[in-house]
Amino acid sequence: MISLFTLLLAPALAGAPVAATKTQTFAGVPVSALPALSLGEPEFIDGTDTWRAPAPGGWVLHAWSADAAEGARSFRFTASTVQRMLPTTTVRGADEAVGGDELVIARRGNVVVQVKGDHARDTAAAILAAEATDPGVSPVVPELDPVTPRDGFGRRLK
Amino acid sequence: MLLTLALACTSAPGTGDSAPAPDITLTAAPAFDPLAGPALTWTLSGEDAKADAPGEIRGEDGEVVRSKVLPALGWDGKDDDGKYVGTGTYTLAVGAEERERTAPVALVRAGVLAAYAEDDDGVTATRVPLYWHQKRHTQDLDDPFVTVEAIDDASGVVVLPAVGEGLNVPATDAAEPVAYPYDSRPIVSLTLGATSTLGAAHLGDVPLHLSIPGWTVLGDTPLADGAVVTLQKDEPLGTTLGVSEEPLVATVSATDDAGTAWPVATIEVPWRAYRLLGPPTFEQTDDERYNPWVAAVDPALRALEGTTPTHDATLDALVRWVFEDGGLSYDTVSGASAYTVYVQGDWARANFQMTSFLSRKFGLTVNCTDCAGIMVSYGNMLGAEVDYAIIGWNFNLDYILAIGGTEFDHCPFGDYGCGFSYHAVTTDIDNALIWDATLALDGDEDPTSLPSTERLVQSVPSDEYLERLVLPPTTASYVYQAQGTLQ
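Small disclaimer: the values here were computed from a predicted structure and weren't measured.

Caption draft 1: Up close: the side chain of N291 of chain B. All names here are of chain B. Looking at the element boundaries, N291 is found in the loop between strand 20 (273–276) and helix 1 (294–303). We classify N291 as buried; its relative accessible area is 15%. From its side chain, N291 meets the backbone oxygen of E288 in a polar contact 3.1 Å long. The residues contacting N291, other than those within four sequence positions of it, are P129, Y131, T138, P280 and M381.

And the structure:
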């Protein structure tokens, strides 16, 4: 199943235009696609649909919400957890973003990414471009998280 | 059968009526273990004694096992072919004909097959189980902390393995560390057993004793193979926080009829005991991870060695260790957290990614939430109950020295701006005192301007902390307090 999703995402990973709209619900980025984004092994945060993975010069925090409204709340809260008051910025493909070249927080629909490191804006854009539309049935990859069974996007299985 | 006893006795052959028997007395150790203790020694005394007379060793059937042994060297437990003989009762014979004197000696194997660290439910000792985070496993207090897995035929001698150096998972074939509050008097039980392939142990009639200096043997503990000897430390583990890792040196001795104790064997039991302030103080107890992590308490207690065992002193020392020696630096770009997430957007549900922090998976650049997570995790593991507190919102700063920094500044983000949107610190349950490893305050009379005097945030009253942190006219207050979680 993971291979199938990776194939489906190939255009997005290659930087092709993404057809999803702001109201679309994304499933997240397939964990199998993280190496192609130069991201390391993710760590899943207990009790959440969030993971953090090493990135060049820093890390990426990826948070999944059930819908865009919840995603917008998640975006605002995430922005409030950095001690510096961040300016608004732009990230390709994002509905909204704050930060700068070395740290950026961006939202696309129901997903929020926080990127710290080299070329944070470009990394955030690449991740948002790799967001997959929800396939409905998630690939089950329980070994992703030794504590909580999760699907191939890092979301907790209900 | 572990330890063999034999009476230390001497005998003289019949001398008839014609002449008095020579005045010679043979005194020998009633038991010895050539692999773990000194060689068999003896003395000849009396008016007719010849102190350097050679002797021989005979087996149970009277056969000569070793044809010549000298008192200056003793018997090393080997036969004439240079091979160790098995355990059992032998006869030492010295002199010839009417001058011969004999003494039975027991050759034993004295050893420890396993050792257990125990407690008495807090009366005098409370053992705290340690957590191996990469194995997601907490020590079972019913398991031995060291054991002999197999006896090596090649060497013939087996010693208990040393304490493993790894901190993430228990090492194979190594002893595990143990943890007690500093004022506990640990209880250790030793399972006795032969630690050699050179023959089974043999019990005689001479009482053997096991002792460890500074420890008292509890109860009736006959030294037999498989028997358990339980000892308790006479004094508390320590008077400060730290690590105790001197091996426990057990001595087995045999007592002869005259009441003289003879050393039979010396056995080293590996021992690394972490001296905690107390049992862990996490609110959550529903998961094994809320026990002290070996990978956390080991380096922390080595850094805190000698710290006065009080709540405040423990946290004070943690602040200094993290701030000065942690190798961390503040994220002066944005003040972002590398190891903590507020779950579900709830300031009262900080989750500290301790496993990743221990490997510095996400780098050395941190923010206040990370430092609070470090303090909460380490503090509660060591037994110093502590929460984190959130200070809100959007306030300007007096002069501070950020972790990893070299100069005081009131604009930690430089051109990116001054002030904090919030700040996370650690506090006691009553929010009376503050500890903060993220920054040092300006401790002089005017924290609003340079020059500044470094003051670590150690047991700072919470009101004073705000006064020294927040630059008027902006204001801030403590708005959340919780312990959070860790993973």
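The structure having been displayed, the exposition proceeds.
Caption draft 2: Main features of the sheet that holds strand 5 (residues 96–99) of chain A. Residues and elements named next belong to chain A. Strand order in the open sheet made by the six strands is 2-3-4-7-6-5, with antiparallel pairing throughout. The open sheet has two edge strands, strand 2 (43–44) and strand 5, and neither has a second partner. Sheet analysis places strand 5 next to strand 6 (residues 103–108), joined by four bridges and oriented antiparallel. Bridge pairing links A97 to A106 in strand 6. Relative to strand 6, helix 2 (residues 68–80) is tilted by about 170°, and along the sheet it contacts strand 4 (58–64), strand 5, strand 6 and strand 7 (111–116). Helix 3 (residues 120–129) contacts strand 4, strand 6 and strand 7 of the sheet and is inclined by roughly 150° relative to strand 7.

Caption draft 3: Local environment of the sheet that holds strand 2 (residues 31–32) of chain B. Judged by pairing direction, the sheet is mixed, and its five strands sit side by side in the order 2-7-6-4-5 (chain B) without closing on themselves. Each of the sheet's edge strands pairs with one partner strand only, and the pair in question is strand 2 and strand 5 (64–69) of chain B.

Caption draft 4: Region of interest: the interface of chain A and chain B. Contacts between chain A and chain B engage 28 residues on the former and 37 residues on the latter. When chain A packs against chain B, close to 2700 Å² is buried across both sides, 52% of that on carbon and sulfur atoms. Taken together, the links from chain A to chain B amount to two salt bridges. Where D46 of chain A meets R289 of chain B, a salt bridge forms, and the shortest distance between an N and an O atom there is 2.5 Å. The tally of links from chain A across to chain B stands at 24 residue pairs in polar contact (both at pLDDT 80 or more).

Caption draft 5: Region of interest: the confidence of the model for chain A. Averaged over all residues, the pLDDT of chain A equals 85, while 81% of them reach at least 70. In the model, residues 1–22 of chain A has pLDDT below 50 throughout and makes 30 contacts with residues more than four positions away in sequence or in other chains.

Caption draft 6: Focus on unusual backbone geometry. Residue and element names in this part refer to chain B. Backbone torsion omega between G392 and W393 reads -25°, so that peptide bond is classified as cis. Here the residue pair L450 and P451 is connected by a cis peptide bond, since its omega of -5° sits within 30 degrees of zero. Positionally, P451 belongs in the loop between strand 28 (433–442) and strand 29 (454–461). Despite not being glycine, Q344 has its phi angle at roughly 55°, a positive value. When you line up the elements, Q344 lands in the loop between strand 22 (340–342) and strand 23 (350–352).

Caption draft 7: Structural detail: the pattern of salt bridges. All names here are of chain B. Taken as a whole, this structure holds 21 salt bridges over all chains when the rule is applied. Residues E100 and R58 are paired through a salt bridge, measuring 2.9 Å at the closest nitrogen-oxygen approach. One end of the pair, E100, is in the loop between strand 6 (88–94) and strand 7 (101–107); the other, R58, is in strand 4 (residues 55–58), with 42 residues separating them in the sequence. In this pair, the class of E100 matches that of R58, namely buried. Here D298 and R302 are joined by a salt bridge, their closest N and O atoms 2.8 Å apart. Of this pair, D298 and R302 both sit in helix 1, four residues apart, which is roughly one turn of that helix. In this structure D298 comes out as buried when scored by relative accessible area, which is 6%. Within the structure, one salt-bridge network assembled from shared partners comprises E165, E245, R272, D298 and R302.

Caption draft 8: Main features of the packing of aromatic side chains. Under the defined criterion, the tally for this structure stands at 21 aromatic pairs over all chains. On the basis of an interplanar angle of 50° and a centroid distance of 5.4 Å, the ring pair of F32 of chain B and W75 of chain B is categorised as tilted. Taken as a pair, F32 of chain B in strand 2 and W75 of chain B in the loop between strand 5 and strand 6 lie far apart in primary sequence, 43 residues in all. W75 of chain B carries the same exposure label as F32 of chain B, and that label is buried. Between Y330 of chain B and F413 of chain B, the ring centres sit 6.0 Å apart and the planes meet at 35°, which makes this aromatic pair tilted. Of this pair, Y330 of chain B sits in strand 21 (residues 329–330) while F413 of chain B sits in the loop between strand 26 (400–402) and strand 27 (420–427); the two residues are 83 residues apart in sequence, bridging distant segments of the chain. Each member of the pair, Y330 of chain B as well as F413 of chain B, carries the same accessibility label: buried. Joined through ring pairs, the aromatic side chains of F77 of chain A together with Y342, W347, Y388, W393, Y422 and Y480 of chain B make up one cluster.

Caption draft 9: Highlighting the packing of helix 2 (residues 311–325) of chain B against helix 4 (residues 368–382) of chain B. Residues and elements named next belong to chain B. Running from amino to carboxyl end, helix 2 crosses helix 4 at an angle of 135°, the nearest separation of the two axes being 10 Å. One element, helix 2, and the other, helix 4, form an angle in the oblique class. By crossing handedness, the relation of helix 2 to helix 4 is classed as right-handed. Along its contact with helix 2, which presents T314, L315, L318, V319, W321 and V322, the element helix 4 presents I374, M375, Y378, G379 and L382. Of the residues assigned to the contact of helix 2 with helix 4, the class counts are nine nonpolar, two polar and no charged.

Caption draft 10: The arrangement of a nonpolar patch on the surface in detail. Residue and element names in this part refer to chain B. On the surface, W393, V479 and Y480 cluster together to form a nonpolar patch covering roughly 250 Å² of accessible area. Summarising the element assignment, V479 is placed in strand 30 (residues 477–482). Residue V479 is classed as partly exposed on the basis of its relative accessible area of 33%.

What counts as what
Residue positions are counted from 1 within each chain, in the order its sequence is given. Chains and ligands are labelled by the order in which they are written, letters from A for the one and numbers from 1 for the other. Only residues with pLDDT of at least 70 get local features here, since the model is predicted, and only at 80 or more are side-chain atom pairs given and counted; chain-wide, interface and lining totals rely on the full set of residues. Computation of side-chain values: all heavy atoms of the structure, hydrogens and water removed. Only runs of H or I of at least four residues qualify as helices and only runs of E of at least two qualify as strands under DSSP, and these elements are numbered from the N terminus. Accessibility here uses a 1.4 Å probe with only protein chains present; expressed as a share of the type maximum, an area under 20% marks a residue as buried, one over 50% as exposed, and anything in between as partly exposed. Any pair of N or O atoms that falls within 3.5 Å is considered a polar contact. Within protein, one atom must be able to donate a hydrogen and the other to accept it, and sequence-neighbouring residues count only if both atoms are side-chain atoms. We call two residues contacting when some pair of their heavy atoms lies within 4.5 Å. Strand pairing is assigned whenever DSSP detects at least two bridges linking the two strands. Convention adopted: a line fitted to C-alpha atoms gives each axis, helices being fitted over their contacting stretch, and angles between N-to-C directions are expressed from 0 to 180 degrees. Throughout, the accessible surface (probe 1.4 Å) given up by two parts as they are put together, summed over both, is called the buried area. Salt bridges are defined by distance alone: a side-chain nitrogen of Lys or Arg within 4 Å of a carboxyl oxygen of Asp or Glu. Residue-level confidence of the predictor is what pLDDT reports, using numbers from 0 through 100. Each Phe, Tyr or Trp ring, with Trp reduced to its six-membered ring, pairs with another whose centre is within 6.5 Å; inter-plane angles below 30 degrees give stacked pairs, above 60 give edge-to-face pairs, and intermediate values give tilted ones. Each angle gets one of four labels, with under 35 degrees taken as roughly parallel, over 145 as roughly antiparallel, 65 to 115 as roughly perpendicular, and the rest as oblique. Each crossing gets its hand from how the near helix is turned against the far one by less than a right angle, where anticlockwise is left-handed and clockwise is right-handed. The nonpolar class holds Ala, Val, Leu, Ile, Met, Phe, Trp, Tyr, Cys and Pro. Asp, Glu, Lys and Arg form the charged class, and all remaining residues, Gly among them, are polar. Patches here: salt-bridge-free residues with over 30% relative accessible area, like charges joined within 9 Å, nonpolar side chains (Val, Leu, Ile, Met, Phe, Trp, Tyr) joined within 5 Å. A 1.4 Å probe and the Shrake-Rupley method give the accessible areas. Residues count as covered only by the protein chains that appear here.

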